[in-house]
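# Chains, contacts and geometry: an overview
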Amino acid sequence: TKKVVQLMPTDIKEELLAKYPPKVARKRAKQIMINEATESEAPSEILANVRTIPGIITMRGCTYAGCKGVIMGPTRDIVNITHGPIGCGFYSWLTRRNQTDPGPDGDNYMPYCFSTDMQDQDIIFGGEKKLAAAIEEAYELFHPKGICVFATCPVGLIGDDIHAVCKKMKAKFGDCNVFAFSCEGYKGVSQSAGHHIANNQVFSHLVGENETPPEGEYKINLLGEYNIGGDGFEIDRILKKCGITNVSTFSGNSSYEQFASAQHADLDCVMCHRSINYVADMLETKYGIPWIKVNFIGAESTAKSLRKIGEYFADKKLIDRIEAVIAEEMPDVEAARAEVLPNTEGKTAMLFVGGSRAHHYQDLFSEMGMKTLSAGYEFAHRDDYEGRHVIPDLKVDADSRNIEEIEVEADPELYNPRKTPDEIKALEDAGYKFKHYAGLNEQMDKGTIVIDDLNQYEAEKLVELLKPDVFCAGIKEKYSIQKTGVPMKQLHSYDSGGPYAGFKGAINFYHEIDRLVSSKVWSYMKAPWQESPELTGTFVWE
Ligand code: CFM
Ligand code: HCA
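Presented here is a report on the structure given in the accompanying data block. Predicted model, so just to flag it, every value in this text is computed and none were measured.

Right, let's talk about the nonpolar core for a bit. Counting residues in each nonpolar core, the largest one holds 98 residues, and the members touching the most others are F181 and I309. If near-sequence neighbours (up to four positions away) are discounted, F181 is found in contact with C67, M72, C148, V149, F150, A151, I162, H163, I197, A198, Q201 and V202. Of all hydrophobic cores here, the second largest spans 26 residues; its members include L17, V24, I32 and A459.

Following this line, the structure appears as structure tokens:
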């Protein structure tokens, strides 16, 4: 017989914290939030973007991963060289399933893994000569438009000046843009710091280089879309059908020229705000390109995002075309939805992914009639939960393209979700700029549990207590969750599936989740607590 747990959200929170030493429990308590706590109607706050307590097995990655793997990984015609031990380069090489289409004549270096393969002697005597030789070798072999160099932990520790090496090599070649990223893994508290470093360098060294505007009536950039499992291909298909020109994607299926031309767009559409908001803000500050938040995960969200773009251009021809495309695409989506609904309706999910998918994928689940019981991000900041964005105070040097940024995030008061409209107005009068869009908390039901930087122990505990019908996270979580008898779907790499974006992607996702939640195979698994239910005395079981 299936055990049904009758637990209040507060019991669950208590249970998650019960085994921690008091100091750890106090800190984690601020990162585990009962959405709009029932005892008070005030919106809840969450502690995010803080260092993981040592000893906890976090799901997070490192700054190098966020810079080299996430933002620059999908660039096909830039040679990306990891300056460091071979493992850093190897494990950040295409594991993310970011796809690319160079066309018949385009350069594509993604099948190569470039690394300086740092050894003991480089640590002792310095690795700059080795790096210069690696850059030279890559240049001789491929003559690429750009070479990027990424620092790993030892580089920062021994003090190799990667920027000086790149500058020297760039001057030597004359026809190749060589620049570096100080994205040592230990910097910051997660991948998030790496996004910021990548954004700043791409903006400073590349954006704006191509002065010829591309053709197109309605020109957008798609920021924060990485073509995982072909998502970007599906979005591009839809945009093209609507007559919208995608000047550049940061950075799925991107090319050097796309980045170099980004300043020619009329509008920036931000898909993953967490990873690319810095570029959106810099493009707005320097080139006056406004940005809007979009989401192409979910058929309804796709339609809504297209309409938002139409609204921006306020052009009848475009708006009619968008409506025609939606009308043409939706019948197939509806048919697939009707097919899976009897199996998926009323089922439950948990989503713990990096910095935006735990939010975006809830749209797809609600289209299937599935409820999200608990969700959270690995490395998001408070605005991703609470849905308010403060635009950093940027000083832009128009000639050198150097960006000097003042980190406003240091003042947590700015993110306080309890602010009244009057308080926001006062801040705006004081020079702060706000943009409003829904964060994760707003989307989730009252009484659901929002958790920042979930760890392995808490993941297993949550599954044990709430038994979702599907658990979504990454490769590190996959097998430990499956061992508990709950189907697990990777929302990073999509396992071997995708695309899940756009209209066709929604259909793929409906079928995939139907397959997972309808499969009987998982019920044959015996979880450890089913063998010895140590919680029987604590909770009410049926
Ligand atoms: Fe943005 Fe991403 Fe995500 Fe992200 Fe990532 Fe990713 Fe992710 Mo993995 S950029 S924050 S750093 S949507 S790699 S494509 S799946 S954790 S939720
Ligand atoms: C990263 C990349 C990652 C890892 C995914 C996972 C990705 O953060 O370095 O843990 O399965 O999407 O590939 O987020």
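The rest of the description comes next.
This part covers the site of ligand 2. Taken together, A65, R96, Q191, G474, I475, K476, Q490 and H492 are the residues near ligand 2. Here Q191 contributes a side-chain N or O atom positioned 2.7 Å from an oxygen atom of ligand 2. Between ligand 2 and the protein, one listed contact pairs an oxygen atom with a side-chain N or O atom of K476 at 3.5 Å. Burial of ligand 2 by the protein amounts to 79% of the accessible area it has alone, namely 350 Å². A molecule is said to occupy a pocket when more than half its atoms come within 2 Å of that pocket's grid points, and by this definition ligand 2 occupies the largest pocket. Its residues assigned to classes, the shell around ligand 2 comprises two nonpolar, four polar and two charged.

Time to look at the pairing of strand β11 (residues 371–377). Counting buried positions over the seven residues of β11 gives six, a clear majority of the element. Pairing geometry for strand β10 (residues 348–353) and β11, over six bridges, is parallel. Counterpart to A349 in the pairing with β11 is T372. Running through helix α15 (residues 357–367), the crossover from β10 to the neighbouring parallel element β11 is right-handed. Here β11 pairs with strand β16 (residues 449–451) via two bridges, running parallel. For A375, the partnering residue across the bridge sits in β16 and is V450.

The next thing to look at is the state of the cysteines. Summed over the entire model, instances satisfying the criterion amount to zero disulfides. Here C62 is not cross-linked by a disulfide; its sulfur's nearest cysteine counterpart is in C153, at 6.4 Å. This cysteine, C113, is not joined by any disulfide, and C88 carries the nearest cysteine sulfur, 10 Å off. Assessed through its relative accessible area of 29%, C113 is described here as partly exposed.

With omega at 0°, the peptide bond leading from F250 into S251 counts as cis. Inspection of the secondary structure puts S251 in strand β7 (residues 244–251). Here the residue pair G498 and P499 is connected by a cis peptide bond, since its omega of -5° sits within 30 degrees of zero. Note that P499 resides in the loop between β18 (488–490) and α21 (502–518). Phi is positive for A314, close to 45°, though the residue is something other than glycine. If you trace the backbone, A314 turns up in the loop between α13 (299–313) and α14 (316–344). According to the relative accessible area criterion, A314 is exposed, its value standing at 60%. The backbone of D495 shows a phi angle near 55°, a positive value even though the residue is not glycine. Within the secondary structure, D495 is located in the loop between β18 and α21.

The next thing to look at is the site of ligand 1. Taken together, the neighbourhood of ligand 1 is formed by 14 residues, with R96, H195, C272, S356 and H492 sitting nearest. Judged by its atoms lying within 2 Å of the grid points, ligand 1 is housed in the largest pocket. Looking at side-chain class alone, the shell around ligand 1 contains six nonpolar, six polar and two charged residues.

With that settled, the discussion passes to the sheet that holds strand β4 (residues 146–151). Judged by pairing direction, the sheet is parallel, and its four strands sit side by side in the order β3-β2-β4-β5 without closing on themselves. Both outer strands of the open sheet, β3 (114–115) and β5 (177–181), are each paired with one neighbouring strand and no more. Bridging between β4 and β5 involves five bridges; their strand directions are parallel. Bridge assignment links I147 to a residue of β5, and that residue is V178. Across the face of the sheet, helix α6 (residues 128–142) comes into contact with β2 (78–83), β3, β4 and β5 while running at roughly 160° to β2.

Now for the sheet that holds β7. Pairing between sheet strands relies on hydrogen bonds along the backbone, with the strands arranged either parallel or antiparallel. Overall, parallel pairing links the four strands, which are arranged β7-β6-β8-β9 in an open sheet. Edge positions in the open sheet fall to β7 and β9 (291–293), since each of these has one partner strand only. Neighbour-to-neighbour, the strand axes of the sheet open up by a mean angle of 25°, direction not taken into account. When strand β8 (residues 267–270) meets β9, the two strands line up parallel, connected through three bridges. Counterpart to V270 in the pairing with β9 is K293.

Further remarks concern the pattern of salt bridges. Tallied over the entire structure, the rule returns 27 salt bridges. Here K241 makes a salt bridge to E328, at a shortest N to O gap of 3.0 Å. With K241 in helix α10 (residues 231–242) and E328 in helix α14, this pair connects stretches of sequence that are 87 residues apart. When its relative accessible area of 26% is taken as the criterion, K241 is described as partly exposed. Residue E328 is classed as exposed on the basis of its relative accessible area, which comes to 55%. The partner of D495 in a salt bridge is K489, with the nearest N and O atoms 3.4 Å apart. The network of salt bridges with shared partners includes E234, R237, K241, E328 and E329.

The rules behind the values
- Residues numbered from 1 in each chain as written.
- Chains lettered and ligands numbered in written order.
- Predicted model: local features only at pLDDT ≥ 70, side-chain atom pairs only at ≥ 80, totals over all residues.
- Heavy atoms only, no water.
- Core = buried A, V, L, I, M, F, W, Y, C linked by side-chain atoms within 4.5 Å.
- Buried < 20%, exposed > 50% of the residue type's maximum accessible area, 1.4 Å probe, protein only.
- Contact = heavy atoms within 4.5 Å.
- Near = heavy atom within 4 Å.
- Polar contact = N/O pair within 3.5 Å; in protein donor to acceptor, adjacent residues only side chain to side chain.
- Areas by Shrake-Rupley, 256 points an atom, 1.4 Å probe, with all protein chains shown as cover.
- 1 Å grid on protein atoms, 1.4 Å probe; cavity = no way out; pocket = protein on both sides within 12 Å on 5 of 7 lines; lining within 4 Å.
- Sits in = over half its atoms within 2 Å of the grid points.
- Nonpolar A, V, L, I, M, F, W, Y, C, P; charged D, E, K, R; others polar.
- Helix = DSSP H or I, 4+ residues; strand = E, 2+ residues; numbered from the N terminus.
- Pairing = 2+ DSSP bridges.
- Right-handed = clockwise from strand over helix to strand, strands pointing away.
- Disulfide = S-S within 2.5 Å.
- Axes fitted to C-alpha atoms, helices over the stretch in contact; angles between N-to-C directions.
- Salt bridge = Lys/Arg side-chain N within 4 Å of Asp/Glu carboxyl O.

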